[in-house]
Amino acid sequence: LRHTSGGIHSVATNHVTTTIAVGNAPYAVAVSPDGRSVYVTNRLDKSVSVIDTTSDAVTGTIPVGGDPEGLAISPDGTHLYVADELDNTVSVISLI
């Protein structure tokens with residue numbers, strides 16, 4: 001297994017301008033309502049990477065259930081919901 005990266009794409013130039021290393025098999029992405037954080041599911045690591053959009057750096061990794069695929073953030077930005085396919089569960093993470 002190897003780490004993979006997510007890319008930041010410039011619409012103006014149609015090129016990837018930055019890559020951010022996250023966990024194994026990144027799959028789904030959600031952006032916080034205020035735009036300050038991005039969450040990426042890592043299917044093979046059973047985790048979610050937290051990216052700070054001001055620094056384009058991973059600031060944390062949250063363990064979740066098996067094969068996290070989908071995720072959503074509550075409209076008020078207080079909770080992250082992660083669908084864990086192999087466990088048939090949803091991990092609910094407080095973001096406050």
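Computed from a prediction, not measured in an experiment: that's the story for all the values here.

Trainee: Pulling in residues and values, what's your account of the overall build of the protein?
Mentor: Looking only at helices and strands, the protein features zero helices and nine strands. Along its sequence from the N terminus, the protein presents helices and strands in the succession β-β-β-β-β-β-β-β-β. When the 96 residues of the protein are sorted by exposure, 38% land in the buried category. Residue pairs at least 24 apart in sequence account for 21% of intrachain contacts in the protein once pairs closer than 6 positions are excluded. Carbon and sulfur atoms make up 54% of the accessible area of the protein, which totals about 5700 Å².

Trainee: Let's hear about the sheet that holds strand β8 (residues 79-84): which residues, and what values?
Mentor: With respect to topology, three strands assemble into an open sheet ordered β7-β8-β9, the strand pairing being antiparallel. In the strand order of this sheet, the two ends are held by β7 (68-73) and β9 (89-94), each with one partner. Taken pair by pair, the neighbouring strands of this sheet meet at an average axis angle of 20 degrees, ignoring direction. Alignment of β7 against β8, held across four bridges, turns out to be antiparallel. In the strand pairing of β8, Pro68 is matched with Asp84.

Trainee: Lay out the pattern of salt bridges in plain terms, naming residues and giving numbers.
Mentor: Across all of its chains, the model carries two salt bridges by this definition. A salt bridge links Asp67 to Arg43; the shortest N-O distance between them is 2.6 Å. With Asp67 in the loop between β6 (57-63) and β7 and Arg43 in the loop between β4 (37-42) and β5 (47-52), this residue pair connects regions lying 24 residues apart in the sequence. A salt bridge links Glu69 to Arg43, with the shortest nitrogen-to-oxygen separation between them at 3.1 Å. Of this pair, Glu69 sits in strand β7 while Arg43 sits in the loop between β4 and β5; the two residues are 26 residues apart in sequence, bridging distant segments of the chain. Arg43 gets classed as partly exposed once you look at its relative accessible area, which sits at 27%.

What counts and what doesn't
- Residues numbered from 1 in each chain as written.
- Predicted model: local features only at pLDDT ≥ 70, side-chain atom pairs only at ≥ 80, totals over all residues.
- Heavy atoms only, no water.
- Helix = DSSP H or I, 4+ residues; strand = E, 2+ residues; numbered from the N terminus.
- Buried < 20%, exposed > 50% of the residue type's maximum accessible area, 1.4 Å probe, protein only.
- Contact = heavy atoms within 4.5 Å.
- Areas by Shrake-Rupley, 256 points an atom, 1.4 Å probe, with all protein chains shown as cover.
- Pairing = 2+ DSSP bridges.
- Axes fitted to C-alpha atoms, helices over the stretch in contact; angles between N-to-C directions.
- Salt bridge = Lys/Arg side-chain N within 4 Å of Asp/Glu carboxyl O.

Function cannot be inferred from these measures alone, as they are strictly geometric.
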